[in-house]
Amino acid sequence: MCIQRNFLWQIWVAVAMFATASLPLSITEAREVHVSGNLQQAIDAATPGDTLVLTEGTYEGPLVITKPLTILGNSKAKIIGISSGSVIHVTAPDTRLDGLIVTGSGLSLETQDSGIFLDKEATGAIVANNVVTDNLIGIYVSGAQNVHVTSNQISGRQDLRMNERGNGIQIWNAPGAIIEKNDIRYGRDGIFVTTSEQNIFKDNTMRDLRFAIHYMYTNNSEVIGNRSYGNHIGYAIMSSSDLVVEDNLSEQDRDRGLLFNYAVRVVVKRNIVRGGTEKCIFIYNSHDNYFEENLLSDCAIGIHFTAGSEKNTMTRNAFVNNQNQVKYVGTRWLEWSRDGVGNYWSDQVAMDLDRNGVADSIYRPNDLTDRIIWQYPSARLLLNSPAVQILKYAQGNFPALHPGGVVDSAPLMAIPKSLTDGSKL
């Protein structure tokens, strides 16, 4: 028995020694290193897991990071590239870049020159609290999974025309990426994503861009609580499916607040589009989407949809002070209410005798006159003519004369409360 116990004890000791010897060096030897000289040399000499704390000053790029490191700049360390390639190129997992000022990338879209380039090996990278300015592309996430990009200030090249610039944050095939609380300006698109999934874009602010957020071939993802100011288009959702687009703001975006092109099974809730936009929402060849509690205000057109976009659900939305609430050129009748709840229309004059919050008469946002004007804009000159007034009267009293279009059988008497709190308006 004693011999057996001794034998078992020797085995346990051997296993423990092997486990200790096999611990990663990054756990047993990680250090905090203060750097004031050549940063690339410090990176090359560092042990995986080290934290490099940069003293205030300027550091020369480009930098290549091939091992897991944390680099802290405390918002006082500036890394300047040589106007060729990317300034920082990361090919290691679990790297953190925090508090750096990054500038001076090249200008080649072919090689995707960026301020910070996260290659496919850079899984789990964290890019936080940086100022990334005057680069072609601000931050590029190229194939790296589970990356977190947060609280960065990203500003593009103002000396280039908009279509010559890169994107503020660009994502390709990067499942699990979380992009939040970034401030992006003067790029081509604020956040551009293609061929990806399970991404979250949250609480970002974007201005002076072509598109604030641009989706291509990206599924099962979320766009939540972002703000778009003065861009050409706020949120462009293209060739994507199974998305959640909620609580976003588009204010004074020039052409479109929300654009859906070949988008399927998207939940669009509690978004606000307002302020001089040509079309609050444009829907092209998109179906099986759900629109609820969106506020569409002061646009030339509230919603314009066409090309097979009839199969969408519209309920509890508010159409306020748009020149044309809905533009639909088609012959099918489309019901825009669900379970006895329709939408609010600021131009509807109706009674609610039973005081249930639903108007006693149905609402039709379009008539035959609207269709004629859309197809023949010069006919607008005849709007006040007796012939047009007779036509409008006839359609109002004989619904069978309507050629098809949107019908709201349960229009609301007031804007939904979720859209009238102070934070929204």
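Being a predicted model, the structure only gives us computed values, none of them experimental.

Asker: Quick question: what am I supposed to make of the overall build of the chain here?
Answerer: The helix and strand tally for the chain stands at five helices and 38 strands. Here the chain holds 425 residues, and 51% of them are scored as buried. Expressed as a percentage of contacts within the chain between residues at least 6 apart in sequence, the contacts between residues at least 24 apart total 43%. For the chain, the computed accessible surface area is about 19,700 Å², with 53% contributed by carbon and sulfur atoms.

Asker: What is the right way to read the sheet that holds strand E6 (residues 88-90) from this model?
Answerer: The strands that make up a sheet pair up through hydrogen bonds in the backbone, lying either parallel or antiparallel. As summarised here, the arrangement of the twelve strands in space is E4-E6-E8-E11-E14-E17-E20-E23-E26-E29-E32-E35, forming an open sheet in which the pairing is parallel. Of all strands in the sheet, those bounded by a partner on one side alone are strand E4 (63-65) and strand E35 (324-327). The sheet shows a mean angle of 10° between the axes of neighbouring strands, taken without regard to direction. For strand E32 (residues 301-306) and E35, the ladder comprises three bridges, and the chain directions are parallel.

Asker: What should I look at first to understand the packing of aromatic side chains in this one?
Answerer: The description of an aromatic ring pair uses the distance of the two centres, along with the angle that the planes make with each other. A complete count under the given rule lists eleven aromatic pairs for this structure. Taking the centre distance of 6.3 Å and the plane angle of 55° together, the rings of Tyr262 and Tyr284 count as tilted. Of the two residues, Tyr262 is situated in the loop between strand E26 (256-261) and strand E27 (264-269) and Tyr284 in strand E29 (residues 279-284); the sequence distance between them amounts to 22 residues. Every member of this aromatic cluster is reached through a ring pair, and the members are Phe305, Phe319, Tyr328, Trp336, Trp345 and Tyr363. Over the face of the ring belonging to Phe282 we find Arg256, whose NZ or CZ atom lies 5.1 Å from the ring centre.

Asker: Sorry, what's going on with the nonpolar core here?
Answerer: Soluble globular proteins tend to bury their nonpolar side chains together. Residues Ile88, Phe260 and Trp336 are the most contacted members of the largest nonpolar core, which totals 74 residues. Those residues in contact with Ile88 that sit more than four places away from it in its chain are Leu63, Ile65, Ile79, Leu97, Leu100, Val102, Gly115, Ile116 and Phe117. The next biggest cluster of nonpolar side chains, apart from the first, holds ten residues, and it includes Ile272, Val320, Ala410 and Leu412.

Asker: Would you mind going over the pattern of salt bridges with me for this structure?
Answerer: Side chains bearing opposite charge may pair, as long as their charged atoms lie close to each other. A full pass over the atoms with the stated rule returns 17 salt bridges. Linking Glu246 and Arg270 is a salt bridge whose minimum nitrogen-to-oxygen distance equals 3.1 Å. Here Arg270 lies in the loop between E27 and strand E28 (272-274) and Glu246 lies in strand E24 (residues 241-246), a separation of 24 residues in the sequence. For Glu246, a relative accessible area of 17% puts it in the buried group. Of the charged contacts in the structure, one is a salt bridge between Arg274 and Glu251, with a shortest N-O distance of 2.9 Å. Remark: Glu251 occurs in strand E25 (residues 249-251) and Arg274 occurs in strand E28; sequence separation between them is 23 residues. By relative accessible area, which is 24% here, Glu251 ends up partly exposed.

Asker: Help me understand the state of the cysteines, please; the structure alone is not making it clear to me.
Answerer: Defined simply, a disulfide is a covalent bond joining two cysteines at their sulfur atoms. Considering all chains together, one arrives at one disulfide under this definition. The disulfide partner of Cys280 is Cys299, and the S-S distance across this bridge is 2.0 Å. On the S-S bond that ties Cys280 to Cys299, the torsion sits near 95°, and the link is right-handed. Taken together, the positions of Cys280 in strand E29 and Cys299 in the loop between strand E31 (295-297) and E32 put the pair 19 residues apart, joining distant regions of the chain. Neither residue differs from the other here; Cys280 and Cys299 are each classed as buried.

Asker: Looking at this model, I keep getting lost on the confidence of the model for the chain. Mind explaining?
Answerer: Interpreting fine coordinate detail is not advised for predicted regions of low pLDDT. On average, residues of the chain score 88 in pLDDT, and 84% of them reach the 70 mark or higher. With pLDDT under 50 throughout, residues 1-28 is counted as low confidence; its partners more than four residues away or in other chains account for five contacts.

Asker: Where do I start with the pairing of strand E2 (residues 51-54) in this structure?
Answerer: The side chains of a regular strand alternate, residue by residue, between the two faces of the sheet. Residue alternation in E2 divides its side chains into two sets, Thr51 and Val53 and Leu52 and Leu54, and both sets are buried. Sheet topology places strand E1 (residues 32-35) next to E2; four bridges connect them, and they run parallel. In the sheet register, Val33 faces E2, and the bridge partner there is Leu52. As a crossover connection, the stretch from E1 through helix H3 (residues 39-45) into E2 is right-handed. Looking at chain direction, E2 and strand E5 (residues 70-80) are connected through three bridges and run parallel. Its bridge partner lying in E5, Thr51 is registered against Thr70.

Asker: So what exactly am I meant to see when it comes to the environment of Ser151 here?
Answerer: Relative to the elements of secondary structure, Ser151 occurs in the loop between strand E12 (148-150) and strand E13 (153-156). When its relative accessible area of 28% is taken as the criterion, Ser151 is described as partly exposed. The sequence separation of Ser151 and Asp98 amounts to 53 residues, and the corresponding C-alpha distance is 9.8 Å. Contacts of Ser151, omitting those with residues within four sequence positions, involve Asn129, Asn130, Glu180, Lys181 and Asn182.

Asker: Where do I start with unusual backbone geometry in this structure?
Answerer: If a residue is not glycine, its phi is most likely negative; likewise, a peptide bond is most likely trans. With an omega of 0°, the peptide bond between Gly61 and Pro62 qualifies as cis. Following the sequence through the fold, Pro62 ends up in the loop between strand E3 (57-60) and E4. At Asp203, a residue that is not glycine, the phi angle is positive and equals roughly 60°. Inspection of the secondary structure puts Asp203 in the loop between strand E18 (200-202) and strand E19 (205-207). Phi at Asp247 is positive, roughly 60°, even though this residue is not glycine.

Asker: When you look at the environment of Asp242 in this model, what are you seeing that I'm missing?
Answerer: Note that Asp242 resides in strand E24. Classification of Asp242 by relative accessible area gives partly exposed; the value is 29%. Note: C-alpha distance between Asp242 and Asn289 (47 residues apart in sequence) is 9.0 Å. Setting aside its immediate chain neighbours within four residues, Asp242 contacts Asn219, Asn220, Ser221, Val264 and Arg265. Side-chain polar atoms of Asp242 contact the side chain of Arg265, separated by 2.8 Å.

Parameters at a glance
- Residues numbered from 1 in each chain as written.
- Predicted model: local features only at pLDDT ≥ 70, side-chain atom pairs only at ≥ 80, totals over all residues.
- Heavy atoms only, no water.
- Helix = DSSP H or I, 4+ residues; strand = E, 2+ residues; numbered from the N terminus.
- Buried < 20%, exposed > 50% of the residue type's maximum accessible area, 1.4 Å probe, protein only.
- Contact = heavy atoms within 4.5 Å.
- Areas by Shrake-Rupley, 256 points an atom, 1.4 Å probe, with all protein chains shown as cover.
- Pairing = 2+ DSSP bridges.
- Axes fitted to C-alpha atoms, helices over the stretch in contact; angles between N-to-C directions.
- Phe/Tyr/Trp six-rings, centres within 6.5 Å; stacked < 30°, edge-to-face > 60°.
- Lys NZ or Arg CZ within 6 Å of the ring centre and 35° of its normal.
- Core = buried A, V, L, I, M, F, W, Y, C linked by side-chain atoms within 4.5 Å.
- Salt bridge = Lys/Arg side-chain N within 4 Å of Asp/Glu carboxyl O.
- Disulfide = S-S within 2.5 Å.
- pLDDT = per-residue confidence, 0-100.
- Right-handed = clockwise from strand over helix to strand, strands pointing away.
- Polar contact = N/O pair within 3.5 Å; in protein donor to acceptor, adjacent residues only side chain to side chain.

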